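Chain by chain, the residues:
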Amino acid sequence: VQLQASGGGSVQSGGSLRLSCAASGRSFSTYRMAWFRQVPGKERELVAAISRSGGSTYYADSVKGRFTISRENAKNTVSLQMNRLNPEDTAVYYCAADPRYGPGTPWNRSEYSYWGQGTLVTVSS
């Protein structure tokens, strides 16, 4: 499985960005998907996760009410709509896929076997 993230860029505080992640392969609908982010010197942290069907989502407290994760299984894509961005959202954002069957723990990085290359989001004040 290959994941290709796109959509990062620079935006002013209060602005919006939409990240997209395209996945290769035929089994996309069987993967739990997530977005993580990382800043230098800190651990990679979960931003949002979505179930295989898209019917269940999970968000970090810091982004609840501002970010929305969604997926289109027919197009093998997962997206992250980011609104009301602030400088603390500045990071490299990674999409990730968990191909295992059964339930998972959204914030557990070790459960995600596949990672995209990351896309940089910079929010200026």
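Thresholds, definitions, all that
Residues numbered from 1 in each chain as written. Predicted model: local features only at pLDDT ≥ 70, side-chain atom pairs only at ≥ 80, totals over all residues. Heavy atoms only, no water. Helix = DSSP H or I, 4+ residues; strand = E, 2+ residues; numbered from the N terminus. Rg over C-alpha atoms; globule rule 2.2 N^0.38 Å. Buried < 20%, exposed > 50% of the residue type's maximum accessible area, 1.4 Å probe, protein only. Contact = heavy atoms within 4.5 Å. Areas by Shrake-Rupley, 256 points an atom, 1.4 Å probe, with all protein chains shown as cover. Lys, Arg positive; Asp, Glu negative; His and termini not counted. Charge placed at Lys NZ, Arg CZ, Asp CG, Glu CD. Pairing = 2+ DSSP bridges. Axes fitted to C-alpha atoms, helices over the stretch in contact; angles between N-to-C directions. Phe/Tyr/Trp six-rings, centres within 6.5 Å; stacked < 30°, edge-to-face > 60°. Lys NZ or Arg CZ within 6 Å of the ring centre and 35° of its normal.

Asker: Describe the overall build of the protein chain, and please don't skip the residues or the numbers.
Answerer: Scanning the protein chain from N- to C-terminus turns up zero helices and eleven strands. When its helices and strands are written in sequence order, the protein chain yields β-β-β-β-β-β-β-β-β-β-β. A compact globule built from 125 residues would reach a C-alpha radius of gyration of about 14 Å, and the protein chain, at 13 Å, matches this within 12%. When its C-alpha atoms are laid out on the principal axes, the protein chain stretches across 40 × 25 × 25 Å. The buried share among the 125 residues of the protein chain stands at 41%. When contacts within the protein chain are restricted to residue pairs at least 6 apart in sequence, those whose partners lie at least 24 apart make up 59%. Surface accessibility of the protein chain: about 6400 Å² in total, with carbon and sulfur atoms responsible for 47%. Across the protein chain, the mean location of the 14 positive side-chain charges is 6 Å away from that of the 8 negative side-chain charges.

Asker: I'd like a rundown of unusual backbone geometry, residues and numbers included.
Answerer: Even without a glycine there, the phi angle at Asn-76 is positive, about 55°. Its place among the elements puts Asn-76 in the loop between strand S7 (67-72) and strand S8 (77-82).

Asker: An account of the sheet that holds S8 is needed here, citing residue identities and associated values.
Answerer: The strand order across the open sheet built from four strands is S1-S3-S8-S7, with neighbouring strands paired in antiparallel fashion. Edge strands, defined here as strands with exactly one partner in the open sheet, are strand S1 (3-6) and S7. The sheet shows a mean angle of 15° between the axes of neighbouring strands, direction not considered. Judged from the six bridges that link them, S7 and S8 form a sheet pairing that is antiparallel. Along S8, the bridge assignment pairs Phe-67 with Met-82.

Asker: Before we move on, can you summarise the pairing of S7 with the specific residues and values?
Answerer: Only one face of S7 is covered, namely the face carrying Phe-67, Ile-69 and Arg-71; the face carrying Thr-68, Ser-70 and Glu-72 is uncovered. Counting the residues that bridge the hairpin from S7 to S8 gives four residues, and of these Asn-76 lies at a positive phi of roughly 55°.

Asker: With reference to specific residues and values, describe the side chain of Arg-66.
Answerer: Within the secondary structure, Arg-66 sits in the loop between strand S6 (57-59) and S7. Every residue in contact with Arg-66, bar those within four places of it in the chain, is listed here: Gln-81, Met-82, Asn-83, Arg-84, Leu-85, Asn-86 and Asp-89.

Asker: I'd love a proper account of the packing of aromatic side chains, names of residues and values included.
Answerer: Taken as a whole and judged by the stated rule, the model has five aromatic pairs. Judged by centre distance (6.4 Å) and plane angle (45°), the ring pair of Tyr-31 and Tyr-114 falls under tilted. Pair noted here: Tyr-31 is in the loop between strand S3 (17-23) and strand S4 (32-38) and Tyr-114 is in strand S10 (residues 114-115), with a separation of 83 residues, a long-range link. When the ring of Tyr-112 is compared with that of Trp-115, the centres are 6.3 Å apart and the planes differ by 65°; the resulting orientation is edge-to-face. For Tyr-112, a relative accessible area of 3% translates into the label buried. By way of ring pairs, the aromatic residues Phe-36, Tyr-112 and Trp-115 are connected into one cluster. Above the plane of the ring of Trp-115 lies Arg-44, whose end atom (NZ or CZ) is 4.9 Å from the centre. The ring of Phe-28 has Arg-71 lying over it, and the distance from NZ or CZ to the ring centre is 4.5 Å.

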